[in-house]
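# Structural overview for review
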Amino acid sequence: MGAMELAAIIVVGARQEEPEAAAKHQPAGAGFETFAGIPLPLLDVVGKSVAHHVADRLRRAGVEAVTALTDDALYQDTALRDGDGQAACRRTADVWRAAEDAFSSYADEGVDQVLLLRLGPYAEFELEDFLRFHQEHRQTATLLCDKNGPLDAAVVQAARRNDAAFLLRNGLRATRLPSEPYLTRAYVNPLENAHDLRRLAQDALLMRCEIRPHGRELKPGVWVGERARIHRSARVLAPAFVGAHSKLRAASVVTRCSVVEHHAEVDCGTVLEDTSILPYTYVGTGLDAAHAVAGFGKICHLRRRAEVEIADPRLLGTVAVSATWRMMKNAASLAAYLPVQAVRGLASAGRRTQPAPPSPPGDVLGSSRQHPAELEPSPEPLSASNEAAQFAGDFAVVRRYGNE
Amino acid sequence: MGTSRPVIVKRMPDRINLQQSREFLREVQPLLRSDRPQVVFDFSAVRRMDAAGVDMLLECMSEVMKHDGDLKLAALSPQAGVVLELTRADRLFEVYDTISDAVRSFSGFLPNAMRHYAEWGVPAAASAGDSSSKLAA
């Protein structure tokens, strides 16, 4: 395919009406195609927003000119940018009007065909096959459909501005002239609610779709983004993804296709099981997040089918977007932490004792046999076997996650 | 087997933050300190709950246990359910779908696990001894 034979315009969000069938499956308190008021295609899935994944896929297929548009005001918030700081979309006041303008400018530049997409649904159709079908049927515009109906995508001859305008004004669901739609059997995710977003992340980790995690595969099934900090006692069980600049603190567990997106923080002892943590989200200490999508002060529980606002920052908070502000906050918390630990250390120094080993028969002063070195705390972190050895023989050590 | 002691159902406020928790705790403390209290907290109206609410529940539980009573939760709203599950507090309480289920649960002597055996037709005597079977009958 030659340069500028095909251009693409991606419209993010902007669906006016919610289908009745979709409303039945919506979690309570959740908006259609949104999470916490943000269009789902702008949220990250294994390192990049869905819009970004789609644009990358089109570029890989040979589409050099890609314009992405959204009318969502929240997108201006830098929290919605991708991990590398690149904005994937341009914000406009009237997205459909802007799409028409973009179409006209592509037509003026001499592009032959324009691919129009609304996200919305995520579909991995074969682009070349779609274009071949369009050309063989000599149609001015061809809709993309799957077995469940239109996928809000079409290819239009660049010279047919009226057809493009009609398509854009009908939400990419109807053509001006009768035409045969192209039916795809490829991977499709409707991205109607948080459940679909979670499923897309699972499918990416399980290689069921073409999306690949944006990071290095440290061990089979575990991808880690650059500058992610994982405490040595934290456990990441495959398949899982830990995004760039994110932090997993001590004894945290990430398991069962869980995803921690960039700049997110999971505090000590928290277990993430079949959960997506969205960018810049702080998850508090000792929590158990299962079957959920969490971020932007909200958590959507997929089994309870409820989207709930969590106002308590100790449970679910937001990490500062600005690196300077984050550094200042970290310095302040360290400054507050050190004196407390120093005082605790001083207070406990006098009281530090070790339980006496069992005395051999006849040894009345068994505790006097202790070697001074045994009183020092072990500098090594406790392994599971050490922990088990601390308990008496009638205690059971239950194995739940890995060797926890 | 029935119980002669009353079961108190207490409706939780729609917002359970630090301030509301303190007020609520002050309000229910006399109930919790009675002899062997049987209390059900109705969560149907709860629209927002934070960690202070969970702390308050644990405090109520510990107070009730001190007096040899029991505290059960009923009709959890999605908001309360999510927070209790997130903080792992749901494992510490008996949770019922409806208030009547929770109240009824006090009237049986057997714990839930044993009651299932009785429902399946397994003779309770096999697992709980003769005295239990008489009570279950």
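Residues numbered from 1 in each chain as written. Chains lettered and ligands numbered in written order. Predicted model: local features only at pLDDT ≥ 70, side-chain atom pairs only at ≥ 80, totals over all residues.

## Concerning the overall build of chain A
- Within chain A one finds 8 helices and 28 strands.
- Here chain A, with 404 residues, has 43% of them falling under the buried criterion.
- Put simply, of all contacts in chain A between residues at least 6 apart along the chain, 52% involve residues at least 24 apart. (Helix = DSSP H or I, 4+ residues; strand = E, 2+ residues; numbered from the N terminus. Buried ≥ 20, exposed ≤ 12 C-beta atoms within 10 Å, placed from the backbone. Contact = placed C-beta atoms within 7 Å.)

## Some points on the overall build of chain B
- Looking only at helices and strands, chain B features 7 helices and 6 strands.
- Each helix and strand of chain B, placed in order from N terminus to C terminus, yields the pattern β-β-α-β-β-α-β-α-β-α-α-α-α.
- Within chain B, buried positions represent 31% of all 137 residues.
- Here the contacts in chain B between residues at least 6 apart in sequence split such that 74% fall between residues at least 24 apart.

## So, the interface of chain A and chain B
- Counting from both sides, the interface comprises 13 residues of chain A and, opposite them, 11 residues of chain B.
- Mapped by element, the contributors of at least two residues to the side of chain A that touches chain B are β25 (288–295), β26 (298–301) and β27 (306–309) of chain A.
- In terms of residue class, the side of chain A that touches chain B is built from 8 nonpolar, 1 polar and 4 charged. (Nonpolar A, V, L, I, M, F, W, Y, C, P; charged D, E, K, R; others polar.)

## Points about the domain arrangement of chain A
Residues and elements named next belong to chain A.
- One can read the domain layout of chain A as domain 1 (6–189) and domain 2 (213–331 + 380–404).
- With 15 residues of domain 1 at the interface, the matching set in domain 2 holds 24 residues.
- For the side of domain 1 that touches domain 2, the residue count by class is 9 nonpolar, 4 polar and 2 charged. (Domains from an automatic or database assignment.)

## Some words on the packing of helix α3 (residues 95–108) of chain A against helix α5 (residues 161–169) of chain A
All names here are of chain A.
- It is at 10 Å that the axes of α3 and α5 come closest, and there the two elements cross at 160°. Between α3 and α5, the crossing angle belongs to the class labelled roughly antiparallel. α5 is crossed by α3, and the crossing has right-handed handedness. Contacts from W96, A99, E100, F103, S104 and A107 of α3 reach α5 at R161, A164, A165, L168 and R169.
- Taken together, the residues that form the contact of α3 with α5 break down as 7 nonpolar, 1 polar and 3 charged. (Axes fitted to C-alpha atoms, helices over the stretch in contact; angles between N-to-C directions. Parallel < 35°, antiparallel > 145°, perpendicular 65-115°, else oblique. Left-handed = near helix turned anticlockwise from the far one by under 90°.)

## Regarding helix α4 (residues 127–136) of chain A
Residue and element names in this part refer to chain A.
- All buried positions along α4 are accounted for by F130, L131 and H134. Along the axis of α4, the buried residues cluster in a sector spanning 95°; they form a single face. Of the residues in α4, the exposed ones pointing more than 90 degrees away from the buried face are E128, D129, R132 and E136.
- In this structure, the buried residues of α4 make contact with β8 (113–119), β10 (141–146), β11 (149–157) and β12 (182–183).
- One or two positions beyond α4, positive phi appears at R138, with a value near 50°. (Arc of directions from axis to C-beta.)

## Some points on the nonpolar core
- Counting residues in each nonpolar core, the largest one holds 132 residues, and the members touching the most others are I10, V114 and L116 of chain A.
- Residues from two domains meet in this core; each of domain 1 (6–189) and domain 2 (213–331 + 380–404) of chain A gives at least three. (Core = buried A, V, L, I, M, F, W, Y, C linked by C-beta atoms within 7 Å.)

## Considering the pairing of β26 of chain A
All names here are of chain A.
- The two faces of β26 match: K298 and C300 on one face and I299 and H301 on the other face are all buried.
- Sheet topology places β25 next to β26; 4 bridges connect them, and they run antiparallel. Within β26, the position partnered with G295 by the bridge is K298.
- A loop of 2 residues connects β25 with β26, the two strands running antiparallel in sequence, and F296 in this loop sits at a positive phi of about 55°. (Pairing = 2+ DSSP bridges.)

## Describing the confidence of the model for chain B
- Confidence in the prediction for chain B averages 81 pLDDT; 75% of positions are at 70 or higher.
- The complex model carries a pTM of 0.79, and its ipTM stands at 0.75. (pLDDT = per-residue confidence, 0-100.)

## Considerations on the packing of helix α1 (residues 18–32) of chain B against helix α2 (residues 51–66) of chain B
All names here are of chain B.
- It is the contact of α1 with α2, at a shortest axis distance of 9 Å, that shows an interaxial angle of 10°. As far as their axial angle goes, α2 and α1 are roughly parallel. For α1 against α2, the interelement crossing comes out right-handed. Taking contact as the criterion, the partners of L18, S21, F24, L25, V28 and L32 in α1 are, on α2, A52, G53, D55, M56, E59, C60, E63 and V64.
- Among the residues forming the contact of α1 with α2, the class breakdown is 9 nonpolar, 2 polar and 3 charged.

## A look at the sheet that holds strand β1 (residues 7–11) of chain B
All names here are of chain B.
- Pairing is parallel in the open sheet, where 4 strands are placed in the order β1-β3-β5-β6. Two strands in the sheet have a free side with no partner beyond their single neighbour: β1 and β6 (94–96). Averaged over neighbouring strand pairs, the angle between their axes works out to 25° when direction is ignored.

## Considerations on the sheet that holds β10 of chain A
Residue and element names in this part refer to chain A.
- The sheet built from 7 strands is open, its strands ordered β7-β6-β1-β8-β11-β10-β12 with mixed pairing. The sheet is open, and its two borders are formed by β7 (90–91) and β12, each paired with just one other strand.
- In the sheet, β10 pairs with β11 via 5 bridges, with the strands oriented antiparallel. By the bridge assignment for β11, A141 is matched with V156.

## A few points about the pairing of strand β6 (residues 65–70) of chain A
All names here are of chain A.
- Of the strand pairs in this sheet, strand β1 (residues 6–12) and β6 are connected by 6 bridges, and their pairing is parallel. Paired with I9 across the two strands is T67, which belongs to β6.
- Two elements, β6 and β7, share 2 bridges in a ladder whose sense is parallel. When the sheet's bridge partners are listed, L69 is paired in β7 with R90.

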